[in-house]
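# Structural overview for review
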Amino acid sequence: MNTLSMKTEYNRPVLSIAGLSKSFGELPVLKNVSLSVAAGETVCLLGPSGSGKSTLLRCINWLERPDHGRILLNGEQIGITNGGVVMSDRELAKIRISIGMVFQHFALWPHLTVLQNVMEAPVHVQRRPQDEVRMEAEAFLRRVGMYEKRDVFPARLSGGQKQRVGIARALAMKPELLLFDEPTSALDPELVAEVLAVMRDLASDGMTMVVVTHEMAFAREAATRIAFMDQGSIVESASPDAFFSMPTTERARQFLQRYSSHTGGA
């Protein structure tokens, strides 16, 4: 049983998406997507490659500008002011502070040590005292098992270690919402487990997360809800138990059958 299903009931929406659409030229990538994520939820976005999952994440924090629809963080619309005007970079930056993002290719600053990478944004974006930030950064590095590497530069880290530093860096901003864009896709298979273990701990602790992943075992164990995407739309949303045992759409059944055959039914 998914132990997270026994947590307290989720009420307060941290993230609300309504009628979101996005095209690149003549190619529609997102089609009228709506999704709500409550405080403490871990929502895993599953679906075939090209279904719009990563684009949806990038629209949430306005790295990609949607064509239509609304995105609200704690009731505040992202990207558009109440008057319908696109927010300035400064206004967007204030909102983005509350949204952490972990990328598939780490995006660490190569000229900074592990500790400096984690401290950079709280010190220079949030303008917080350096001594305070250092103590918190060291605590986050301990949490992800990277404290002993705090003075090492990224070039000397494995992929799994880099990704754990990336998670610590996102946590250092104390986000209300954490986005993961296929965080294990660039890792060798033996390094995947160490990153997923950190993510499981975050889910268990009630961090609000939206995770794009192809790791079905992680989704089944750690998610509170599965949102299955196909051709730019969310075509199914269900608990992990319901989705993996009784998917309601033919497309989801095909997806799970292909995964099962690829993994030998694991």
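Residues numbered from 1 in each chain as written. Predicted model: local features only at pLDDT ≥ 70, side-chain atom pairs only at ≥ 80, totals over all residues. Heavy atoms only, no water.

### Topic: the UniProt feature "domain: ABC transporter" (unreviewed entry) in the protein chain
- As recorded in UniProt, the feature "domain: ABC transporter" (unreviewed entry) lies at residues 15-256.
- Helix and strand shares over residues 15-256 are 37% and 25% respectively, and the end C-alpha atoms of the span are 27 Å apart. (UniProt positions renumbered as here; feature names shortened; annotations may be inferred. Helix = DSSP H or I, 4+ residues; strand = E, 2+ residues; numbered from the N terminus.)

### Remarks on the nonpolar core
- Counting residues in each nonpolar core, the largest one holds 52 residues, and the members touching the most others are Leu46, Ile167, Phe180, Leu202 and Phe243.
- No other element matches helix α6 (residues 189-204), which puts eight residues into this core.
- Among all residues touching Leu202, those that are not within four sequence positions of it are Arg143, Ile167, Leu171, Leu178, Phe180, Met207 and Met209.
- Listed in part, the 30 residues of the second largest apolar core include Leu35, Ile78, Leu177 and Met229. (Core = buried A, V, L, I, M, F, W, Y, C linked by side-chain atoms within 4.5 Å. Buried < 20%, exposed > 50% of the residue type's maximum accessible area, 1.4 Å probe, protein only. Contact = heavy atoms within 4.5 Å.)

### Points about the packing of helix α3 (residues 114-124) against helix α4 (residues 130-143)
- Two elements in contact, α3 and α4, have axes separated by 9 Å at closest approach and are oriented at 130 degrees. Of the possible angle classes, the one that applies to α3 and α4 is oblique. In this structure, α3 crosses over α4, and the sense of that crossing is right-handed. Along its contact with α3, which presents Val114, Leu115, Val118, Met119, Pro122 and Val123, the element α4 presents Gln130, Val133, Arg134, Ala137, Glu138 and Leu141.
- Class assignment of the residues belonging to the contact of α3 with α4 gives a composition of nine nonpolar, one polar and two charged. (Axes fitted to C-alpha atoms, helices over the stretch in contact; angles between N-to-C directions. Parallel < 35°, antiparallel > 145°, perpendicular 65-115°, else oblique. Left-handed = near helix turned anticlockwise from the far one by under 90°. Nonpolar A, V, L, I, M, F, W, Y, C, P; charged D, E, K, R; others polar.)

### Comments concerning the sheet that holds strand β1 (residues 13-24)
- The antiparallel open sheet is built from four strands, whose spatial order is β2-β1-β4-β5. In the strand order of this sheet, the two ends are held by β2 (27-38) and β5 (76-77), each with one partner.
- Relative to strand β4 (residues 68-73), β1 is paired through five bridges, and the arrangement is antiparallel. Bridge pairing links Ser16 to Leu72 in β4.
- On the sheet, helix α1 (residues 53-60) packs against β1, β2 and β4 and is oriented at approximately 120 degrees with respect to β1. (Pairing = 2+ DSSP bridges.)

### Things to note about the environment of Ala137
- Residue placement: Ala137 occurs in helix α4.
- Overall, the relative accessible area of 1% leaves Ala137 in the buried class.
- Separated by 25 residues in the primary sequence, Ala137 and Lys162 have C-alpha atoms spaced 15 Å apart.
- Once you skip the residues sitting within four places of it in the chain, Ala137 turns out to touch Leu115, Val118 and Met119.

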